[in-house]
Amino acid sequence: MVSLEELARLASDLPDVTEGERWGNRTWDVAGKTFAWERPFSKADIKRFGDQTPPDGPIVAVRVEDLDEKEAVLAADTRGVFTIQHFNGYPAVLIQLRTVTKRALRELLADGWLACAPPALAEQYLKGRRKG
């Protein structure tokens, strides 16, 4: 279980991240591109769950590089990672903070950050990770 505050700390640990707000929900950006954001379910989302109970607690969306990566992330069957109809054709996954592990969330945030960061900044970050 990861809190929204822990997510904010993990996201802010990445280089050049700014936290903002859009439509009353927190966002995390790099170089003006949002790589993670709070994503509560809309009424339409809830209706699409039908008889299923939607995941509860805070939900965040995190960008992925492309739709192939999205498929791979979902195929890994990481606890707490899922998608909904609204995200079909969009390179992002949803994460239920109450069930995801901190380690998995950290990796997903880093991947989302890399998908949005300028190439030079991403390369600098990756070089630093290889040294550490």
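Just above sits the structure.
Remember, it's a predicted structure, so these values are computed and weren't measured experimentally.

### Quick word on the environment of Leu 7
Right, on to step 1. In this structure, Leu 7 sits in helix H1 (residues 4-12).
Right, on to step 2. On the basis of relative accessibility, which here comes to 0%, the residue Leu 7 falls in the buried class.
Right, on to step 3. Expressed as a C-alpha distance, the spacing of Leu 7 and Leu 109, which sit 102 residues apart in the sequence, is 8.7 Å.
Right, on to step 4. Setting aside its immediate chain neighbours within four residues, Leu 7 contacts Val 2, Trp 28, Val 60, Leu 97, Leu 105 and Leu 109.

### Side note on unusual backbone geometry
Right, on to step 1. At Asp 16, a position not held by glycine, the phi torsion is positive, near 55°.
Right, on to step 2. With respect to the helices and strands, Asp 16 occurs in the loop between H1 and strand S1 (17-22).
Right, on to step 3. Overall, Asp 16 belongs to the exposed group, its relative accessible area being 56%.
Right, on to step 4. Despite not being glycine, Trp 23 shows a phi value in the positive range, around 55°.
Right, on to step 5. With respect to the secondary-structure elements, Trp 23 resides in the loop between S1 and strand S2 (25-30).
Right, on to step 6. Given a relative accessible area of 77%, Trp 23 falls into the exposed group.

### Considerations on the nonpolar core
Right, on to step 1. One finds Trp 28, Phe 35, Ile 95, Leu 105, Leu 109 and Trp 113 to be the most contacted residues of the largest nonpolar core, which totals 32 residues.
Right, on to step 2. Examining the composition of this core, we find that 7 residues originate from one element, helix H4 (residues 102-116), more than from any other.
Right, on to step 3. With 10 residues, the next largest nonpolar core counts Ala 61, Phe 82, Phe 87 and Leu 94 among its residues.

### Examining the sheet that holds strand S3 (residues 33-38)
Right, on to step 1. Strands sit in the order S1-S2-S3-S4-S6-S5 across an open sheet of 6 strands; the sheet is antiparallel. In this open sheet, the two strands that pair with only one neighbour each are S1 and strand S5 (81-82).
Right, on to step 2. The pairing of strand S4 (residues 59-63) with strand S6 (residues 92-96) spans 5 bridges and is classified as antiparallel. The residue bridging Ile 59 from the neighbouring strand is Gln 96, located in S6.
Right, on to step 3. Sheet strands touched by H1: S1, S2, S3 and S4. Its angle to S2, the strand with the most contacts, is close to 15°.
Right, on to step 4. With respect to the sheet, helix H3 (residues 67-75) is in contact with S5 and S6, its orientation differing from that of S6 by roughly 30°.

Conventions we followed
Residues numbered from 1 in each chain as written. Predicted model: local features only at pLDDT ≥ 70, side-chain atom pairs only at ≥ 80, totals over all residues. Heavy atoms only, no water. Helix = DSSP H or I, 4+ residues; strand = E, 2+ residues; numbered from the N terminus. Buried < 20%, exposed > 50% of the residue type's maximum accessible area, 1.4 Å probe, protein only. Contact = heavy atoms within 4.5 Å. Core = buried A, V, L, I, M, F, W, Y, C linked by side-chain atoms within 4.5 Å. Pairing = 2+ DSSP bridges. Axes fitted to C-alpha atoms, helices over the stretch in contact; angles between N-to-C directions.

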